Each structure stands twice: as C-alpha cells, then as structure tokens.
Amino acid sequence: MQKVMYKGLVPEDKTLREIKVTSGAKIMVVGSTINDVLAVNTPKDAAQQDAKAEENKKEPLCRQKQHRKVLDKGKPEDVMPSVKGAQERLPTVPLSGMYNKSGGKVRLTFKLEQDQLWIGTKERTEKLPMGSIKNVVSEPIEGHEDYHMMSRWSIALWSSVNLLE
C-alpha cells in the first residue's frame, strides 16, 4: 500500500539496492490512509465472507440468534418513515431509527462529496469509502414486513427506505 519515489516512481518489483539508492539519498514514500488499507478485502477475507453469507442464507436474518438482541429492543422511537415501494435519492440528512449489533443507536450519513458513508454512534463515527461497501443484505423483519434488517453492518433498519445512488 506504499509507493516509493526516487528519481521518479520506482517500479514495485525493484529493491532499493537495484535502483542504486546510496547512503544519504533522499527518497519519498507515499502511502494510503488507514481507512483505505482497512477497506481492502483480501481474497481469503472475501471467501470467508462468502462462506458466512451462504451459511446465513439458510435462515432469515430476523431469526438468527446474533440479531435477536437488536430485534428484542423493538422499533426505535425515532424511526424514519418513507413511502413503501418508492425510490428515493440518497438523503442529505442523516438516517436514524437504527440499532447496531450491540443494540446501540446508529445513524447513517451519506457524504457524497467525499464518496463516503458515515456510520455514527454516540461513541464514534466510522467513515467508509462507498466503494468498500459490498454484499449488503436487506430482508423484511417477520411480523414487521414494512421494516428491514441489513446484515452488512448488523443494523436493524426499522424503516422501509429505498435509496438510489
């Protein structure tokens, strides 16, 4: 995740010895931010995620033990309404009315100018590059079919929001 510059960009397959860097020479190393590094999925991670997704497809999200804590809290009082079946643009204001896998309140903010999705809790805000968001599953909650559960972040989305990019 780093690039070396010495008299121009150094090819990735070359060592410093091969490009004849001498003692005292000045080189520049350009690296990625920690968010960019964390956003990269290795093939092993992707395969593990796919296997876990296949395993979880057998049972609806709302029946899975790991999501029961969220569902047992009930519908949040700040749930945001929408028109069922309507396609809406990504909102310019934060979406609330959600819980994370620990049962804490969560809000989603789409920062289109920064190409990021912010997942905020009372304690912290996680900033995700839009390109790193993959394999999001949204399923209706049994007994509350107008509301959905999203599994990528283990958030119970107690709203029937349909969003377009």
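About the thresholds
Residues numbered from 1 in each chain as written. Predicted model: local features only at pLDDT ≥ 70, side-chain atom pairs only at ≥ 80, totals over all residues. Heavy atoms only, no water. Helix = DSSP H or I, 4+ residues; strand = E, 2+ residues; numbered from the N terminus. Buried < 20%, exposed > 50% of the residue type's maximum accessible area, 1.4 Å probe, protein only. Polar contact = N/O pair within 3.5 Å; in protein donor to acceptor, adjacent residues only side chain to side chain. Phe/Tyr/Trp six-rings, centres within 6.5 Å; stacked < 30°, edge-to-face > 60°. Lys NZ or Arg CZ within 6 Å of the ring centre and 35° of its normal. Patch = residues over 30% accessible without salt bridge, like charges linked within 9 Å, V, L, I, M, F, W, Y side chains within 5 Å. Areas by Shrake-Rupley, 256 points an atom, 1.4 Å probe, with all protein chains shown as cover. Salt bridge = Lys/Arg side-chain N within 4 Å of Asp/Glu carboxyl O. Arc of directions from axis to C-beta. pLDDT = per-residue confidence, 0-100. Contact = heavy atoms within 4.5 Å. Core = buried A, V, L, I, M, F, W, Y, C linked by side-chain atoms within 4.5 Å. Pairing = 2+ DSSP bridges.

Enquirer: Describe the side chain of Gln64, naming the residues involved and giving the relevant values.
Expert: Summarising the element assignment, Gln64 is placed in the loop between α2 (43-57) and α3 (65-72). For Gln64, a relative accessible area of 4% puts it in the buried group. A polar side-chain atom of Gln64 sits 3.0 Å from the main-chain carbonyl oxygen of Glu59.

Enquirer: Outline the packing of aromatic side chains, listing residues and values.
Expert: Tallied over the entire structure, the rule returns 0 aromatic pairs. Seen from the ring of Tyr99, Lys73 lies directly overhead, with NZ or CZ sitting 5.0 Å from the centre. Over the ring of Trp118 we find Lys111, and its NZ or CZ is 4.5 Å from the ring centre.

Enquirer: Help me get a handle on a nonpolar patch on the surface, residues and values and all.
Expert: Taken together, the side chains of Met5, Leu9, Met28 and Val30 define a hydrophobic patch exposed on the protein surface, amounting to about 360 Å² of accessible area. When you line up the elements, Leu9 lands in the loop between β1 (2-5) and β2 (28-31).

Enquirer: Please provide a residue-by-residue account of α3, values included.
Expert: Residues His67, Val70 and Leu71 constitute the buried set of α3. One side of α3 carries all its buried residues, which in axial view fall inside an arc of 95°. Those residues of α3 that are exposed and angled more than 90 degrees off the buried face are Lys65, Lys69 and Asp72. Backbone geometry just downstream of α3 places Gly74 in the positive-phi region, at approximately 85°.

Enquirer: So what about the confidence of the model for the protein? Which residues, and what values?
Expert: Looking at the protein as a whole, the pLDDT averages 75, with 75% of positions reaching at least 70. Confidence over residues 153-165 falls short of pLDDT 50; this stretch has 70 contacts with residues more than four positions distant or in other chains.

Enquirer: Now, about unusual backbone geometry: what can you tell me, with residues and values included?
Expert: A positive phi angle, close to 55°, is found at Lys7, a residue other than glycine. Along the chain, Lys7 falls in the loop between β1 and β2. The exposure class assigned to Lys7 is exposed, which follows from its relative accessible area of 78%. A positive phi is found at Asp115, a non-glycine position, where the angle reads about 55°. Within the fold, Asp115 resides in the loop between β5 (105-111) and β6 (116-120).

Enquirer: I'd love a proper account of the nonpolar core, names of residues and values included.
Expert: In this structure, Leu90, Leu95, Met98, Val106, Leu108, Phe110, Leu117, Ile119, Leu128 and Met130 together form the largest nonpolar core, which totals 10 residues. Broken down by secondary-structure element, the contributors of at least two residues to this core are β4 (95-99), β5 and β6. It is β5 that contributes the most residues to this core, 3 residues altogether. Core analysis: the second largest hydrophobic core is formed by 6 residues, Cys62, Leu71, Ile141 and Met149 among them.

Enquirer: Kindly report on the pairing of β6, identifying the contributing residues and their values.
Expert: Counting buried residues along β6, 4 of its 5 residues qualify, which places the element largely inside the surrounding structure. Pairing between β5 and β6: 5 bridges, direction antiparallel. Bridge pairing in β6 places Leu108 opposite Ile119. Counted between consecutive antiparallel strands, the loop separating β5 from β6 contains 4 residues, among which Asp115 sits at a positive phi close to 55°. Across 5 bridges, β6 lies against strand β7 (residues 125-129) in antiparallel orientation. Paired with Ile119 across the bridge in β7 is Glu126. The loop that links β6 with its antiparallel partner β7 comprises 4 residues.

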